[in-house]
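Next come the chains, spelled out residue by residue.
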Amino acid sequence: MKKSLRASALFLLAAAFARPAAAQTQFPPVTMPAAGADDTTRVRLELQPDSLVAEPVQIDSVKLAWLQAPPEVRDLICDRVACFDTDVPHAFNSTVLAHINYFTLRNRNYMQRVLERENLYFPLFEKYLTKYNLPPDLKYLAVVESALIPTAKSRVGATGLWQFMGPTAGDLRLRRDEWVDERMDPEKATEAACKHLRYLYGVFHDWELVLAAYNWGAGNIQRVMRKSGKRNFWDMYPYMPKETRNYVPSFTAIMYAMKYAEQHNLHSAELKYQYAQPMDTLKLNGQAFDMMRLSQAVGLDSTAILRFNPELRRPYLPDGYRPYTVQFPADRRALLLEVDRSVLFGYCRPQAALPTPMEALPPRLQGVEPFPSAQQLAAGSRRKPATETAAAATDEAPRTQRKVHTVKRGQTLAELAEWYGVSQTQLRRWNNLAKGRALKPKQQIVVFLPAKGGTSVQAQNVAVRPTAAPAVAAAPRTPAEMGVKVSKQPIKPISKPETLEAEETAVAAAPAAAPAERPVAAEVRKPVRAARPAAAPAKETPADNDAETAAAPESTAAVTAAAQQEAATEYVIRKGDYLTKLARERGLSVEQLMAWNNLKSQVVTPGQKLRLAAPAADETAGSEEAEKPAAVATAAPKQAARAAKAPALQLQRVHVVQPGDTLYNISRRYQGLTVEQLRKLNHLKSDEVKPGQKLIVAS
């Protein structure tokens, strides 16, 4: 045991001589972790205050001002604020102290400018605050808003001593137009502000919240109260914008600075103090008046009257303006009494013509004269005065008449448009209807129809529509555009029997004698080809040749006109056409077009030819008998068969249901047909129909 101890001692001694530096270092005793504990060594490092690694602390100017102020100054200001004799509570804290330092130390010029105008406006404020039973200290609110400048205007448009926005001014009955803005009238704006403050106090019953609501709006304050659950301004302070947070402390600081201006040496002999002076008034009843001329008449500088009437936006008022009262110093009244009133108004009348506002351009409506053309504008043509235009409008008869239609059950917009002869777009525009929305029963629909003796709605709506025959108003003008080939070879005149000539004369005279309600309803008869005479003359005399030559141009023109008229009775379907549109444009009905063209449905395809008049079967038969007498017996059975098929077709007429159709409007389209008959003919158990469904509409 002793030998082992000696050996270890020698080993330690040798190690001490080999590493002297290590031998001089003392290590702290190592403690073993307890059983079950983590063997990781945790070291806590604390940074020194002067370390560069330490995060910098942002300096709060409000707290810094509080810390820099001596305790005696803080206590003095706190006592002064607490001694305010007012109904408005004033809290004193670091934020209020920072604003007091700003107005009394850093921005003394601002407070001195306010002190110059204090005696000019504060008596007026106290008068109306007392009238509406409000705390007199609310007069300092105008200092926070506008620094007592009646023409002050903020970047968002608030104007006047009390900085009213446009909507608030309208609610408080402050007039605003091109010539006068009553927000800049000290007396009217002050009374409006008292009414608004009284309303806000009735909402919040807390003057600090009233001040915040005056700046930010009552709705915003109420929303913050609902979200935060707070009912005090300083509790709601973090939830408000920066401007509103500074509003109430600024009010307290300005009130303190103006009450204790002497103690902070804000008053000075160099300040130009303003005081209210007695004023007199001059009533204007719509006369054109120049305020600068009035200033010269009373012996003041040219802008003096504008300073006494800050609500004027221009130095003059136009002729015909509403009654207005001009204020001027009462000591100048004697100068105005020396002259007659008419002489005064003649002197103060503007020397140059006042600018008049431009006449508004009329909207492009039906029955209204269109805008002037570019040539008229380039030529410098001026519109007629409003008086002449009004006189001409009264003399001219109205072009349209207004009719109110009550929608019945099952009626659609397309049906009403077809019924009144207008487009669906016009109905939607006249009644502000959304596209694709169905009509409701008992809904009132306004329709503008042509007045008696006026033009149609379509003619008024389209100013540059080409004029054509009433029967084919929207049809092409020439047969070539319609796809019908017209022969250009000269046609020799053919002698006609006397009977045929008499017959044609009677047919031509019939439409002229009988007035037709619909121009298209008159059937256009085809030219009848006369039968050739059985025995031709053996030799023609020169007189006959001359007569034939003279009659040739007239016959050629007549035949060409007949060919064009015949071509105009046919129409080639184009892309986008449908039977309802074609029938409405030509004053026809869909049933007529389907009957004349043997159509089983209303579906038409581009390139298809349609007849626009009833076929003349009797004339065709007469021409065939004249040309081929031997074929009369053969044609008779065919005509009899066609006549037999006609009733069958009418009995089995089929209607293809379109989108928006109902049994009611389908029954209205076919005369003598009811909803009950439609159910019986088609074995329907309900009134529901689907697009594409075929219904029998003839019994």
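In case you missed it, the structure is sitting above this.
Presented here is a report on the structure given in the accompanying data block. All values derive from a computational prediction rather than experimental measurement.

Conventions and cut-offs
Residues numbered from 1 in each chain as written. Predicted model: local features only at pLDDT ≥ 70, side-chain atom pairs only at ≥ 80, totals over all residues. Heavy atoms only, no water. Core = buried A, V, L, I, M, F, W, Y, C linked by side-chain atoms within 4.5 Å. Buried < 20%, exposed > 50% of the residue type's maximum accessible area, 1.4 Å probe, protein only. Contact = heavy atoms within 4.5 Å. Salt bridge = Lys/Arg side-chain N within 4 Å of Asp/Glu carboxyl O. Helix = DSSP H or I, 4+ residues; strand = E, 2+ residues; numbered from the N terminus. Axes fitted to C-alpha atoms, helices over the stretch in contact; angles between N-to-C directions. Parallel < 35°, antiparallel > 145°, perpendicular 65-115°, else oblique. Nonpolar A, V, L, I, M, F, W, Y, C, P; charged D, E, K, R; others polar. Pairing = 2+ DSSP bridges. Polar contact = N/O pair within 3.5 Å; in protein donor to acceptor, adjacent residues only side chain to side chain. Lys, Arg positive; Asp, Glu negative; His and termini not counted. Phe/Tyr/Trp six-rings, centres within 6.5 Å; stacked < 30°, edge-to-face > 60°. Lys NZ or Arg CZ within 6 Å of the ring centre and 35° of its normal.

Moving on to the nonpolar core. Core analysis: the biggest nonpolar cluster contains 68 residues, and W162, F164, Y214, I221 and M258 have the highest contact counts within it. With sequence-adjacent residues up to four places away left out, Y214 is seen in contact with L141, E145, W162, F164, A193, H196, L197, L200 and Y247.

Before going further, it helps to spend a moment on the pattern of salt bridges. Pairing between side chains of opposite charge can happen when their charged atoms approach one another. For the structure on display, the rule yields 17 salt bridges. Linking D280 and R333 is a salt bridge whose minimum nitrogen-to-oxygen distance equals 2.7 Å. Here R333 lies in helix α17 (residues 333–337) and D280 lies in strand β1 (residues 279–284), a separation of 53 residues in the sequence. Owing to a relative accessible area of 15%, D280 belongs among the buried residues under this scheme. Notably, a salt bridge pairs R679 with D687, separated by 2.7 Å at the nearest N-O pair. The class for D687 is partly exposed, based on a relative accessible area of 41%. Among the charged side chains, a network of salt bridges with common partners joins D177, E182, K188 and R322.

A packed helix pair is summarised by two numbers, namely the angle formed by the two axes and the spacing between the axes. Helix α12 (residues 218–228) packs onto helix α11 (residues 207–216) with a crossing angle of 120° between their chain directions and a minimal axis gap of 7 Å. Looking at the two axes, α11 sits oblique to α12. Residues L209, A212, A213 and W216 of α11 form the contact with α12, whose participating residues are A218, N220, I221, R223, V224 and M225. Classifying every residue of the contact of α11 with α12 by side-chain character gives eight nonpolar, one polar and one charged.

Attention shifts here to the pairing of β1. Because side chains alternate across β1, one face comprises the buried residues D280, L282 and L284, and the other comprises M279, T281 and K283, none of which is buried. Note that β1 and strand β4 (residues 324–329) share six bridges and pair antiparallel. Counted as the bridge partner of T281 is Q327 from β4.

This part covers the environment of R679. Along the chain, R679 falls in helix α31 (residues 675–682). For the pair formed by R679 and I696, sequence separation is 17 residues and the distance between their alpha carbons is 9.6 Å. Non-local contacts of R679, meaning those with residues more than four positions away in its chain, are made with L663, L684 and D687. One polar contact links R679 to E676, side chain to side chain, over a distance of 2.6 Å. Side-chain polar atoms of R679 contact the side chain of D687, separated by 2.7 Å.

Here we take up the side chain of R117. Here R117 lies in the loop between α6 (108–116) and α7 (118–131). One buried charged residue, R117, remains without a salt bridge, the closest side chain of opposite sign being E116 at 5.1 Å. Filtering out sequence-adjacent residues up to four positions away, R117 remains in contact with A147, L148, I149 and Q274.

Given 3.6 residues to a turn, an α-helix orients residues that are three or four positions apart in the same direction. Among the 10 residues of α11, eight are classified as buried, and the element is accordingly described as predominantly covered. All buried positions along α11 are accounted for by W207, E208, L209, V210, L211, A212, A213 and Y214. Residues of α11 that are buried in the fold lie against α8 (141–146), α10 (186–204), α12, α13 (242–245) and α14 (247–259). The N-terminus of α11 is capped by D206, whose side-chain oxygen sits 3.1 Å from the backbone nitrogen of E208. One or two residues past the end of α11 sits G217, with phi positive at roughly 110°.

On inspection of all chains with the given rule, the structure shows 15 aromatic pairs. A ring pair is formed by F233 and Y237, whose centres lie 6.2 Å apart and whose planes are at 80°; its orientation type is edge-to-face. Under the relative-accessibility criterion, F233 is labelled buried at 0%. Relative to Y260, the ring of Y256 lies with its centre 5.1 Å away and its plane at 35°, an arrangement referred to as tilted. With a relative accessible area of 0%, Y256 lands in the buried category. One aromatic cluster is present, built from ring pairs that chain together Y121, F122, F125, Y140 and W162. One cation-aromatic arrangement involves R293 over Y347; the distance from NZ or CZ to the ring centre is 4.0 Å.

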